[in-house]
Amino acid sequence: MSDTPASTEIGDRAAYAAAVQTAVAASAAYYGEGDSPLDDDAYDRLVRGIAAYEAGHPDDVLPESPTGKVAGGAVVGDVPHTVPMLSLDNVFSAEGLRTWAARLARRLGREVAAWSVEPKLDGMAISARYRGGRLVQLVTRGDGAAGDDVSHCTGMILGLPGRLARPLTVELRGEVLMTRAQFEAANAARTAAVGTTFANPRSAAAGSLRTRDHPYEVEMTFFAYGALPMDGTDGETAARLRGLPHSQIMELVAGLGANTTAATSAPGITATSLERVLERVEEIAALRAGLDFGIDGIVIKADAAADQADAGLSSRAPRWAVAYKLPAVEKITRLLDVEWNVGRTGVIAPRAVLEPVEVDGSTVTYATLHNAADIERRGLMIGDHVTVYKAGDVIPRVEAPVTHLRTGRERPVEIPAACPRCGDGIDASQQRWRCVRGRACHAVVSVRYAVARDQFDIEGLGEGRIDQLIAEGLITDFADLFTLTYDQVIALDRMGETSTTALLAAIEGAKAKPLSKVFCALGVRGTGRSMSRRIARHFGTMDAIRAADAEALQEVEGVGPERAAVLVAEIAELAPLIDKLAAAGVAMTEPGAGVPAGREAGQAAGAGAADPPLAGMSVVVTGAMSGPLDGLSRGQVNELIERAGGTASSSVSSRTSLLVAGEKAGSKKAKAERLGIETVTPEEFAARVAAFL
Ligand code: IVH
């Protein structure tokens, strides 16, 4: 990330005036109804462009310009704040943070000894006033000096108790937001009641706070990030709130019963060095995609009260705190179409086709939609502007239509009445729709998957050949391959003696594949190569897998209750296919199973002796493989890692133990360096695991 982010080019005074007008309107919508026509990135670019123009043309500056104002100057309220509710200054990179911290140290005349590092919650700032432990008033930030009374929302906000654990008079400050589930529920209720949606969780919280008589129910969540004394606060409490470090105030607040980030998987921490602060920034950034609430950065605060007091405030923001902004993970784009695809297990999944848009470093053209009900609940229409979310490695998703941008030319999404692949019926009894033919509907794909290199590895079976075998009625699934006869194969188009013999030999050879490959070939939903290996190692035989209940399956690393339930159902459904494989003489046992990884029978001598070289390590592979690893697929390298006792993972985090970085390694290498994770070349790695190659 650079510290000079993109800005909108503004050439002359007229363009400047127009830009100010657009920004003020967008900001008013954002802080008002929460329905800004610009996404955060576009708004920020515009305001930076305005600021750049103003820097060069100080005489042209318009009084209504949003620069340097809390909430872009868009809102004013009528309840004065005890102490102004300020904004935060932003940095966008480690460099930016270092520069900011150095400036703060110069101002203080000393280094900051301790920092608080916490997620920057993406919601609406709220001040909650408690008297004698009772919640008496809720006020929005407004223009920072005065806000709106939104006390009518008390009772709709989780984490904001009506009564504190102690009868204190105190003002809590924090953010009101909607978790993903709260947002989905609010939008479903809103679509049903008034036919419109909120574009994203942030605007849903903003809009819901503002609405007086909700025609539908909404629930929001409060996260406190500070506490202040107010009129009526007793002397002792006031002294503590003024004198305690921020981290201890947060403990006090949590002890009173208010929600804080301490209760989440991305809790605030304290750090005594800027390096640790930066590490925590990376950690929180990596956790972002998995959080059920939105964050748009990390807030770094001088922890000690004395540092805060000595640093003081500017008109807009405190000098003792800064926001390390993370890239936007949500953009507005157009929904061009909805495609219905039939997967290898017969699942019929709608997919949104989007006008390509760049989100968090990659171009998004498709996004998942779960099912028809999901589309209806969201009230999506073809041609809609939609908000698209994508963070880290998560699959992009459509959050909601931006209903106020509708033109009237949008069309309803057509929901198929029959399987879009084979025309047979749809089983809509489950959340995920499936073709009534199940796996047989899309047999080509499942057979193709089963015979691929990482599963049965049967050469000479391309998609065309599989299509032909199915069309001729010779196979309906991949188990039928094992009973094909010479006469059947040679009778196929363009099959000679040599190719027939070769294909049948390849099929015969595949019968000896270890259980891990056979299990993977089944294409159990949500189970890929690594998971198949772990299951095969754990149980050793297909019979043992079939005998396992959900509880037994959960003994396998990475299998939680949800996945275990899917596994049980899928294995039951696949019973006829597995029986066919067994009858055809497919082996289905895992050599060396039950023995810790790397000590399996039949492994090279050196491998059996001591602890495997990667025992307990989480290893990530990136870039091109070379040396002894040249030509290995990523799946094969991952298999190697697991044979050598490690766990293969696809993304770098603080839990990563080792990164294998080949030529053209990119962001993963940079991130590993930032986190201080050991990085080796493919050659060095090959040397470490030589006994397992
Ligand atoms: S401290 C004087 N901590 O971000 C302002 N703010 O962009 C001190 N925010 O107005 C605020 N998470 O509404 C603080 N952990 C956090 C926060 C946080 C979100 C919001 C807050 C603030 C805005 C500035």
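This structure is a prediction, so every number in the text was calculated from the model and none was measured. (Residues numbered from 1 in each chain as written. Predicted model: local features only at pLDDT ≥ 70, side-chain atom pairs only at ≥ 80, totals over all residues. Heavy atoms only, no water.)

**Notes on the site of the ligand**
Here is step 1 of the chain: Taken together, 14 residues surround the ligand, and among them Glu118, Arg141, Glu175, Tyr225 and Lys301 come closest.
Here is step 2 of the chain: One nitrogen or oxygen atom from the side chain of glutamate 118 is found 2.9 Å from a nitrogen atom belonging to the ligand.
Here is step 3 of the chain: In the model, an oxygen atom of the ligand is placed 3.0 Å from a nitrogen or oxygen of the lysine 120 side chain.
Here is step 4 of the chain: Among the elements of the structure, strand E3 (115-121) and strand E11 (295-302) are those that each provide at least two residues to the shell around the ligand.
Here is step 5 of the chain: Of the residues forming the shell around the ligand, the biggest block, four residues, is contributed by E3.
Here is step 6 of the chain: In terms of residue class, the shell around the ligand is built from eight nonpolar, one polar and five charged. (Near = heavy atom within 4 Å. Polar contact = N/O pair within 3.5 Å; in protein donor to acceptor, adjacent residues only side chain to side chain. Helix = DSSP H or I, 4+ residues; strand = E, 2+ residues; numbered from the N terminus. Nonpolar A, V, L, I, M, F, W, Y, C, P; charged D, E, K, R; others polar.)

**Digging into the pattern of salt bridges**
Here is step 1 of the chain: Applying the stated rule across the entire model yields 38 salt bridges.
Here is step 2 of the chain: Across the pair lysine 517 and glutamate 639 runs a salt bridge, and its minimum N-O distance is 3.4 Å. With lysine 517 in helix H15 (residues 515-521) and glutamate 639 in helix H22 (residues 634-643), this residue pair connects regions lying 122 residues apart in the sequence.
Here is step 3 of the chain: Since its relative accessible area comes to 17%, glutamate 639 is described here as buried.
Here is step 4 of the chain: In this structure, the salt-bridge partner of glutamate 639 is arginine 533, at a minimum N-O distance of 3.8 Å. (Salt bridge = Lys/Arg side-chain N within 4 Å of Asp/Glu carboxyl O. Buried < 20%, exposed > 50% of the residue type's maximum accessible area, 1.4 Å probe, protein only.)

**Points about the nonpolar core**
Nonpolar side chains tend toward joint burial in soluble globular proteins.
Here is step 1 of the chain: In this structure, Phe456, Phe478, Leu481 and Leu522 are the most contacted members of the largest nonpolar core, which totals 48 residues.
Here is step 2 of the chain: Listed by contribution, the elements that provide at least two residues to this core are helix H11 (443-451), helix H12 (463-471), helix H14 (497-510), H15, helix H16 (529-539), helix H17 (542-547), helix H19 (561-573) and helix H20 (575-583).
Here is step 3 of the chain: When neighbours within four sequence positions are excluded, leucine 522 is seen to be in contact with Arg439, Phe478, Met542, Leu574, Leu577, Ile578 and Leu581.
Here is step 4 of the chain: In terms of nonpolar packing, the next biggest core, distinct from the first, is built from 39 residues, Ala128, Leu168, Tyr216 and Leu244 among them. (Core = buried A, V, L, I, M, F, W, Y, C linked by side-chain atoms within 4.5 Å. Contact = heavy atoms within 4.5 Å.)

**Structural notes on the sheet that holds strand E4 (residues 124-131)**
Here is step 1 of the chain: Read from one edge of the open sheet, five strands run E5-E4-E8-E9-E7, paired in mixed fashion. Strand pairing shows two members of the sheet lacking a second neighbour, strand E5 (134-140) and strand E7 (157-158), which therefore form its edges.
Here is step 2 of the chain: Both strand E8 (residues 170-177) and strand E9 (residues 220-228) contribute to a ladder of seven bridges, which runs antiparallel. Along E9, the bridge assignment pairs leucine 177 with threonine 221.
Here is step 3 of the chain: Across the face of the sheet, helix H7 (residues 246-256) comes into contact with E8 and E9 while running at roughly 130 degrees to E9. (Pairing = 2+ DSSP bridges. Axes fitted to C-alpha atoms, helices over the stretch in contact; angles between N-to-C directions.)

**Notes on the pairing of strand E18 (residues 397-401)**
Here is step 1 of the chain: For E18, the tally of buried residues reaches five of five residues, placing the bulk of the element in the interior.
Here is step 2 of the chain: Bridging between strand E17 (residues 385-389) and E18 involves four bridges; their strand directions are antiparallel. Of the residues in E18, the one forming a bridge with tyrosine 389 is arginine 397.

**Quick notes on the UniProt feature "binding site: Zn(2+)" (unreviewed entry) in the protein chain**
Here is step 1 of the chain: Within this structure's numbering, the places UniProt gives as "binding site: Zn(2+)" (unreviewed entry) are Cys419, Cys422 and Cys441. Judged by maximum C-alpha separation, these annotated positions cover 23 residues in sequence but sit close together in space, the widest gap being only 8.9 Å.
Here is step 2 of the chain: When you line up the elements, cysteine 419 lands in the loop between strand E19 (411-412) and strand E20 (426-427). (UniProt positions renumbered as here; feature names shortened; annotations may be inferred.)

**Comments concerning the layout of surface pockets**
Here is step 1 of the chain: In this model, the second largest pocket occupies a volume close to 1,200 Å³.
Here is step 2 of the chain: Lining the second largest pocket are 38 residues, with Glu282, Ala285, Ala286, Gly392 and Lys671 positioned closest to its centre.
Here is step 3 of the chain: For the lining of the second largest pocket, the elements supplying multiple residues, two or more each, are helix H8 (274-287) and helix H23 (667-674).
Here is step 4 of the chain: Ranked by residues supplied to the lining of the second largest pocket, first place goes to H8 with seven residues.
Here is step 5 of the chain: By residue class, the composition of the lining of the second largest pocket is 15 nonpolar, twelve polar and eleven charged. (1 Å grid on protein atoms, 1.4 Å probe; cavity = no way out; pocket = protein on both sides within 12 Å on 5 of 7 lines; lining within 4 Å. Points joined across faces, edges and corners; volume = space filled by probe spheres on them.)

**A word on the sheet that holds strand E24 (residues 658-661)**
Here is step 1 of the chain: An order of E23-E22-E24-E25 is seen for the four strands of this open sheet, with the pairing classed as parallel. Bordering the open sheet on either side are strand E23 (647-649) and strand E25 (678-680), each of which pairs with just one other strand. On average, each strand axis in the sheet is tilted by 30 degrees relative to the strand beside it, whichever way the strands run.
Here is step 2 of the chain: Its contacts with the sheet put H22 on strand E22 (618-622) and E23, and the angle it makes with E22 is roughly 160 degrees.
Here is step 3 of the chain: Set on the sheet, H23 makes contact with E22, E24 and E25; between it and E24 the angle comes to about 145 degrees.

**Focus: the pairing of strand E15 (residues 362-368)**
Here is step 1 of the chain: The pairing of strand E14 (residues 348-359) with E15 spans six bridges and is classified as antiparallel. What sits directly across from valine 357, in E15, is valine 364.
Here is step 2 of the chain: In textbook terms, the turn of a hairpin is the stretch between consecutive antiparallel strands, and for E14 and E15 this stretch comprises two residues, one of which, aspartate 360, has a positive phi near 45 degrees.

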